[in-house]
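# Working through the structure, step by step
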Amino acid sequence: MYYTGIDIGSTSAKVIVLDGSNDVICRNVMPTGWSSVDTAEKIRRELAEAGINSECSKFVATGYGRISVPYADKTITEITCHGKGAAFLYEDDTCTVIDIGGQDTKIISIMKGQVIDFIMNDKCSAGTGRFLEIMASTLGVGLSELCNLARSGSGVSISSMCTVFAESEVVSLIGSGHSKEDIAYGIVDSITNKVKSLCGKLSADNTRIYLTGGLCESDYIIESLSDKLGIRILSNRNGRYAGALGAALSAKSIK
Amino acid sequence: MSFLDLPGRFDEFADARRQGFLKVKQIKEKGGKVAGIFCTFTPTEILDAAGLYTVGLCGMSEETIIDAEADLPRNLCPLIKSSYGFALTEKCPYTYFSDIIIGETTCDGKKKMYELLGEFKDTYIMQLPQGIDREYTLGMWEKELHLLIKELEKRFGVEITDEKLKKAVLKRNLQRSLYNELFELGKLDPPPLKGFDMYKVIEGSGFSFDLEENCSKLRELIDNTKEAYQRGNRPVSKDSKRILVTGCPIGGVLDKVVNTIESSGGVVVCFENCGGVKPVRHLVDEGAQDIVKAIAERYLKIGCSVMSPNIQRMQMLPELLKEFRVDGVMEIVLQACHTYSVEKREIKKIVNGAGLPYMAIETDYSKSDIGQIKTRISAFLEMEPLE
Ligand code: SF4
Ligand code: SF4
């Protein structure tokens, strides 16, 4: 039997297939695009080609597009899945997980492998991956370049939490001749500040914090967050699969 | 709608707000006077004794917020904006027909809104003391009650006697006891009705205009529900997680929040807010010598976050957690409600301290955050109890 986790986030969709002994049989990531329904269908076809279908696998869907996966045996929220997935990925069943997602940022507190508390950003996009993306494109760079630039910048701070206002702040910073590096620094600084204040609202007294989600791939984000929180944040390159992994693990308990 | 599984009378309550439009019109045609209120601190016994018909005017829909924002700041609680908008646009027949609106100095947003409202509606504002830990508080509130009595006597040419007040107290106490009895049903495991339906009954009662009739209908409804339960009627699964809802008044977000909880594996067994147990848990001392003082005493027991410190709420919450065998607490904070928002920290401490999960949701009357709210609520209900 196989256990498939499908995590359809607002920017990318992640798939993990586990076998009975929790070994990863296959994994994949693709942009979600306009329609999560189409993405889910594409995933179904690709899995079928690889021989994974409803006869030999249980499917759990998660992420904001979880409702668009008609062939899922169960849907579970990304919060529960990220928690489970991270505990497994980092082999640590009592920890705090920060997930900076495309649409929202969540801080999840895990004890004995279970989610015991979590907090999400309010409905605006401040402090999310989307915020970073929009700011990067205002600067005319990609996400990873933004992070690289930020490393050698300093001194600038973006005060608006709202994406729309922050964007015009960035535009006027460009206009007044600030270097791209400094502005990039200000942008990353603003997001890590927001994440820090969210962390403060969670009653976690954890000493181990992990980052999951797409931003795991940026060392600078991890460093900057670690500085802010005064603790070394751990991560690894597979962090973006945490949600899909948690979903796949949850598929095991489906009768 | 889930009323299908419930014994008679439920649909009647759910429809009461609409039915009440006709009733209030008839009342006015016969020369009756209507008092509109916004808060559970309004001493309804006094309005009853003055022969006024009382109706709650809390705005519960987004519809008029845009109009209200012409006068009020955007960054204000949706309840305040919606209520003001309904008065401004004359879209709410209850507000329209109100001969007097009674307000209190509760939260900043509300009391300042009343000032604007007073420009085009007859309003009367009571000065509510906010520190029940001072010995002069009761005396001050009592004075306010006497002032209200005088004002109503003058305005409506009536006499408010102790005897009338005592009668009103008996009736209101009876109604409160019935509300409590209805809420107690939430203690059963599984409860014999959904929280949503329970809330609708209380909400509907506010539009009945005839206390006696309302009480006998409540009696019947409670008895029917109990009987159906005994016969084995189980509209709620016994696996549902038992949730206590606390925080701001939720009439305007009932569907978004309570229905989502109840369609994601939870059931609301207790409402610790204005439409729930908070304002009815305490009764007026019927045998008191000084009836006005007794009324004043009761109202100061309401644990609303406008009080500072809010001793009553912090005392009652742990009791409710035990009594209703709650599995988790969800706090609903309306956007820009500072008093409840700040109190979240204390509430969370109490709840976590009792070994239970807590989550706060900040929301408004719009539909824009439905997806996010669903995710949060589902994730909250997915949490496994810790051993
Ligand atoms: S929350 Fe407080 S101020 Fe608002 S209606 Fe209830 S008692 Fe009144
Ligand atoms: S919900 Fe809060 S801000 Fe709104 S009226 Fe009530 S106390 Fe005031």
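Rules behind the numbers
Residues numbered from 1 in each chain as written. Chains lettered and ligands numbered in written order. Predicted model: local features only at pLDDT ≥ 70, side-chain atom pairs only at ≥ 80, totals over all residues. Heavy atoms only, no water. Helix = DSSP H or I, 4+ residues; strand = E, 2+ residues; numbered from the N terminus. Buried < 20%, exposed > 50% of the residue type's maximum accessible area, 1.4 Å probe, protein only. Contact = heavy atoms within 4.5 Å. Expected span 1.5 Å × (residues − 1). Salt bridge = Lys/Arg side-chain N within 4 Å of Asp/Glu carboxyl O. Near = heavy atom within 4 Å. Domains from an automatic or database assignment. Core = buried A, V, L, I, M, F, W, Y, C linked by side-chain atoms within 4.5 Å. Buried area = accessible area lost by both parts, 1.4 Å probe. Polar contact = N/O pair within 3.5 Å; in protein donor to acceptor, adjacent residues only side chain to side chain. Nonpolar A, V, L, I, M, F, W, Y, C, P; charged D, E, K, R; others polar. Disulfide = S-S within 2.5 Å.

### Digging into the overall build of chain A
Per the secondary structure count, chain A includes 8 helices and 9 strands. On the principal axes, the C-alpha backbone points of chain A span a range of 60 × 40 × 30 Å. The buried share of chain A, reckoned over its 255 residues, is 53%. Residue pairs in contact within chain A that sit at least 24 positions apart in sequence constitute 63% of those at least 6 positions apart.

### A closer look at helix α2 (residues 78-89) of chain A
Because the α-helix completes a turn every 3.6 residues, residues three or four places apart line up on one side. Residue and element names in this part refer to chain A. An ideal rise of 1.5 Å per residue puts 16 Å on 12 residues; α2 measures up with 15 Å between its terminal C-alpha atoms. Buried within α2 are the following residues: Glu78, Ile79, Thr80, Cys81, His82, Gly83, Gly85, Ala86 and Ala87. Glutamate 91 sits one or two residues past α2 and shows a positive phi near 45 degrees.

### Side note on the pattern of salt bridges
In this structure the tally under the stated criterion is 44 salt bridges over all chains. Across the salt bridge formed by aspartate 104 of chain A and lysine 106 of chain A, the nearest N and O atoms sit 3.0 Å from each other. For the pair aspartate 104 of chain A and lysine 106 of chain A, one class covers both residues: buried. Salt-bridge contacts for aspartate 189 of chain B lead to arginine 325 of chain B; the nearest nitrogen and oxygen are separated by 4.0 Å.

### Here's the deal with the site of ligand 1
Taken together, Phe38, Cys39, Thr40, Phe41, Thr106, Lys110, Pro249, Cys274, Cys304 and Tyr340 of chain B are the residues near ligand 1. Residues lining the shell around ligand 1 come from more than one domain, with at least three contributed by each of domain 1 (10-160) and domain 2 (164-380) of chain B.

### Some points on the nonpolar core
One finds Ile98 and Ile187 of chain A to be the most contacted residues of the largest nonpolar core, which totals 137 residues. By residue number, the principal contributor to this core is helix α6 (residues 180-201) of chain A, which donates 8 residues. Those residues in contact with isoleucine 98 of chain A that lie beyond four places of it in its chain are Lys106, Ile107, Val195, Cys199, Ile209, Tyr210, Leu211, Thr212, Leu225, Leu229 and Ile233 of chain A. Residues Val236, Val277, Leu317 and Ile347 of chain B belong to the second largest nonpolar core, which totals 35 residues.

### Points about the domain arrangement of chain B
All names here are of chain B. What the domain assignment lists for chain B is domain 1 (10-160) and domain 2 (164-380). The centre of domain 1, based on its C-alpha atoms, is set 21 Å off from the matching centre of domain 2. Between domain 1 and domain 2 lies a buried interface of about 4400 Å² when both sides are counted; carbon and sulfur atoms form 72% of it. Sorting the residues of domain 1 by area buried against domain 2 places Phe10, Phe13 and Glu45 first, and these three jointly supply 18% of that buried surface. Joining domain 1 to domain 2, the criterion identifies 8 residue pairs in polar contact (both at pLDDT 80 or more). For the side of domain 1 that touches domain 2, the elements supplying multiple residues, two or more each, are α1 (10-14), α2 (16-29), α3 (44-49), β2 (53-56), α5 (78-89) and α8 (137-156). Looking at the side of domain 1 that touches domain 2 element by element, the count peaks at 7 residues for α8.

### Quick look at the domain arrangement of chain A
Quite often, the size of an interface is put as the accessible area lost when its parts meet. Residues and elements named next belong to chain A. Its domain assignment divides chain A into domain 1 (2-80 + 242-251) and domain 2 (94-235). Opposite the 7 residues of domain 1 that make contact, domain 2 presents 9 residues. In this assembly, domain 1 packs against domain 2 so that about 640 Å² is buried in total across both faces, 73% of it on carbon and sulfur atoms. Interface area lost by domain 1 to domain 2 is led by Ser10, Thr11 and Ile79, which between them contribute 66%. Connecting domain 1 to domain 2 are 0 salt bridges. Remark: the boundary between domain 1 and domain 2 carries 0 residue pairs in polar contact (both at pLDDT 80 or more). Top element by residues in the side of domain 1 that touches domain 2 is α2. It accounts for 3 residues. By residue class, the composition of the side of domain 1 that touches domain 2 is 3 nonpolar, 3 polar and 1 charged.

### Observations regarding the state of the cysteines
All names here are of chain A. Taken as a whole, this structure holds 0 disulfides over all chains when the rule is applied. Looking at cysteine 81, it has no disulfide partner, and the nearest cysteine sulfur is the one in cysteine 95, 15 Å off. What makes cysteine 81 buried here is its relative accessible area of 0%. For the unlinked cysteine cysteine 199, the closest cysteine sulfur is that of cysteine 95, found at 13 Å.

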